[in-house]
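Listed below are the residues making up each chain.
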Amino acid sequence: MNRTSRQVLAGAAGGLLSWLLWTALRVYAGANSGRPPSDPFHYIGPGSLFAGCLAALLAWSVCVPTVSPKSAIRQGLLGLLAGTALGGGTLFALFLFVRSSLSDGRPSGLQSLVIPWIWCLGFTLSIMLAVGISSLPTLAKMVRSVLGGVLAGILCMVVIRAAEWSPLGFLADASAESTKPFGWVTPYHFSSIGLNILSGAAMGLAWSLAETALAVGRLRLILGQSDGKDYVLAPGPNRIGATEGLEIPIFDVRVADLHAVIFKQGDQLRIRDKGSECGTWVNGVQISETAIRPGDSIQIGPYPLLVTDATGALSFSSYTYTVAPSGPTDMSTANPYPYRRFPVVEPPPPAPRDSHRFIGPFGLVHVLEPGTSDIGRNRTASIQLLHDGSVSRRHAMIVISGQRAILKDLGSRNGTYVNGELVDGERELQPGDMLRLGVTRIAYRV
C-alpha cells in the first residue's frame, strides 16, 4: 500500500471510529442531559473526539514506515491526546468567536459565507498540528502540518457543500433530526457517519498532498527488504541511518545510527556523510559531501538508492550545477551526465559463450561451473545474499550439467520464485529467467 492510500484510509477510519465512539457514549449517557442546544458541549464533544481519533490514526500512518509497530502505536496514542486537546480547545474558541460575532443570533449574508470557512480552517489546522506534534516532529513536518491544514479545510468545505446537494446531505439531516431528542445537534453534522468518513479521508489526502507539494526529490530503495520503496525528500535535513524516526531509516548493523544527511542548499540537493564507518558512496565514489541529482546512485552500507525528482521520475533538465571557482573540484557536478562523471573501468574479459551467468545484487556477475552451487546467506554459498534477511542460510541450489541449469529450493522459509512462479521441488532454467529469493532478484543469462 502506498503512502497516499494509507493516509486516506487512516483518515476515513478515524472518522468512522469517532462516530462509533461518540454514538456509544451518547447512548451510554442516556437521554437528554438538559443542556440547551447552544451549550458549547454539543459542539465540542463530538468535534474533539473526531479530532482525537483522526490525529491518532494519521499520526500512526505517518510514523509506521519509519518506526517499530510498538512505537507507531505510542505515537498514535499521543496523537489522540494532542488531537482531542487542540481540537476541543479550537472548537471552544471558535464557538465563542461565532457567538460574539452574531448580534441577533443570526448571521448576515457575508457572515454566513465567511464563518463556515473560518470554522473549518481553524478546526482542520488544529488537527494537522496535532498530527505534526505527535509524529516525531521536525520543522519540515510542522510546515507540512500548516499546509495540510489549509488544504484539508478547503477539501472538507467541498465535502460539506457537496453533502448538502447529494443523498449524503439527506443522511446528515436525518441523523441530526434523530439526535434532537437527546439535545445533540452539531453545526457540521458530526452525527453523520458518511460525512465523518469523507471528511477524515479528505484530511488524510490533504496531508499526502502537502507532503508532495513540499518535496524536493525522492530516494528509491533499489535493493533490500523494502526494495522499490520511495522516500520523500523534504527541504529540511533528511537523515539516513539505523535509528527509529529518521526520515530514511535503514535498519542494518552495517549502517550507522546517523549515517548521512541529504539537504537542500540553494538550487542543489547535497548529501553529507556523518562519519560513518563504511562511508557513503555516490556513483561508485566515496564522498564526504557532494551535490546529487536525479539519476545518481547512492550506496549506504550494502543498500543502493536511486535519486529521482519529486514525482518519482528521472529528470535532468531542471537541474543546473556550477563548479566552485576555488577549492577542490566537485567531480560529481563537473559533468552533466552521471555515466561520464568518473573514469571508465576496463570491463573483465567476456565469459565463454556456453557459461552460465547469474547477475545478482549490485550488478555482480556469478559464473557457475558445472556441478552444484548453493544460494543463501551462508558465507560458504557460491552466491551469497548476506544483505537480505528474508533469504534462508541455504535457500536454493543450482545444478549445472552441460547446457542445463536446474534450480532446486532447499525448503526455504520464504520460497524461491522464477518469473513470479513458486518453485515446487526443482525447475530447469531458461536464458532470461528472473529468480527471486526473499526480496532479492537474480537474472539468469547464458
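Conventions we followed
Residues numbered from 1 in each chain as written. Predicted model: local features only at pLDDT ≥ 70, side-chain atom pairs only at ≥ 80, totals over all residues. Heavy atoms only, no water. Pairing = 2+ DSSP bridges. Helix = DSSP H or I, 4+ residues; strand = E, 2+ residues; numbered from the N terminus. 1 Å grid on protein atoms, 1.4 Å probe; cavity = no way out; pocket = protein on both sides within 12 Å on 5 of 7 lines; lining within 4 Å. Points joined across faces, edges and corners; volume = space filled by probe spheres on them. Nonpolar A, V, L, I, M, F, W, Y, C, P; charged D, E, K, R; others polar. Salt bridge = Lys/Arg side-chain N within 4 Å of Asp/Glu carboxyl O. Buried < 20%, exposed > 50% of the residue type's maximum accessible area, 1.4 Å probe, protein only. Core = buried A, V, L, I, M, F, W, Y, C linked by side-chain atoms within 4.5 Å. Contact = heavy atoms within 4.5 Å.

Novice: For this particular structure, what's the right way to read the pairing of strand E3 (residues 238-241)?
Specialist: A regular strand carries its side chains on alternate faces of the sheet. Here E3 pairs with strand E5 (residues 260-265) via 3 bridges, running antiparallel. If you follow Arg-239 over to E5, its bridge partner there is Val-261. Pairing of E3 with strand E4 (residues 248-249) involves 2 bridges; the strand directions are parallel. In the sheet register, Gly-241 faces E4, and the bridge partner there is Pro-249.

Novice: For this particular structure, what's the right way to read the layout of surface pockets?
Specialist: A probe as big as a water molecule, rolled over the atoms, marks out the empty space that is left. Taken as a whole, the largest pocket holds about 560 Å³ of empty space. Every residue lining the largest pocket is counted, 32 residues in all, and those nearest its centre are Lys-141, Arg-144, Glu-211, Val-232 and Glu-247. Elements that contribute at least two residues to the lining of the largest pocket include exactly helix H1 (3-29), helix H2 (41-63), helix H5 (139-164), helix H7 (193-214), strand E2 (230-233) and E3. Ranked by the residues each element gives to the lining of the largest pocket, the list is headed by H5, at 5 residues. Here the lining of the largest pocket is built from residues that sort into 15 nonpolar, 8 polar and 9 charged.

Novice: What is the right way to read the pattern of salt bridges from this model?
Specialist: Oppositely charged side chains can pair when the atoms bearing their charge come close. According to the stated counting rule, one finds 9 salt bridges in the structure shown. Among the salt bridges present, the one from Lys-408 reaches Glu-426, with a minimum N-O distance of 3.6 Å. Of this pair, Lys-408 sits in strand E17 (residues 404-409) while Glu-426 sits in strand E20 (residues 426-428), and the two are 18 residues apart along the sequence. Overall, Glu-426 belongs to the partly exposed group, its relative accessible area being 48%. What emerges from the salt-bridge pattern is a single network uniting Arg-270, Arg-272 and Glu-289.

Novice: What's the story with the sheet that holds E20 in this structure? I'm lost.
Specialist: The strand order across the open sheet built from 5 strands is E15-E14-E16-E17-E20, with neighbouring strands paired in mixed fashion. Each edge of the open sheet is held by one strand with a lone partner, namely strand E15 (383-384) and E20. Where strand E14 (residues 371-376) meets strand E16 (residues 396-401), 5 bridges bridge the pair, whose relative direction is antiparallel. Across the sheet, the residue bridging to Gly-371 is Ile-400, located in E16.

Novice: Looking at this structure, I do not really get the nonpolar core. What am I missing?
Specialist: Among soluble globular proteins, nonpolar side chains are generally buried collectively. Phe-50, Leu-54, Phe-123, Ile-127, Met-128, Val-131 and Met-203 are the most contacted members of the largest nonpolar core, which has 30 residues in total. Among the secondary structure elements, those contributing two or more residues to this core are H2, helix H3 (69-101), helix H4 (109-134), H5 and H7. Non-local contacts of Val-131, meaning those with residues more than four positions away in its chain, are made with Ala-55, Leu-58, Ala-59, Val-62 and Trp-207. One finds Ile-262, Ile-298, Leu-305 and Val-307 within the second-largest nonpolar core, a separate group that totals 21 residues.

Purely geometric stuff here, so don't read any function into it on its own.
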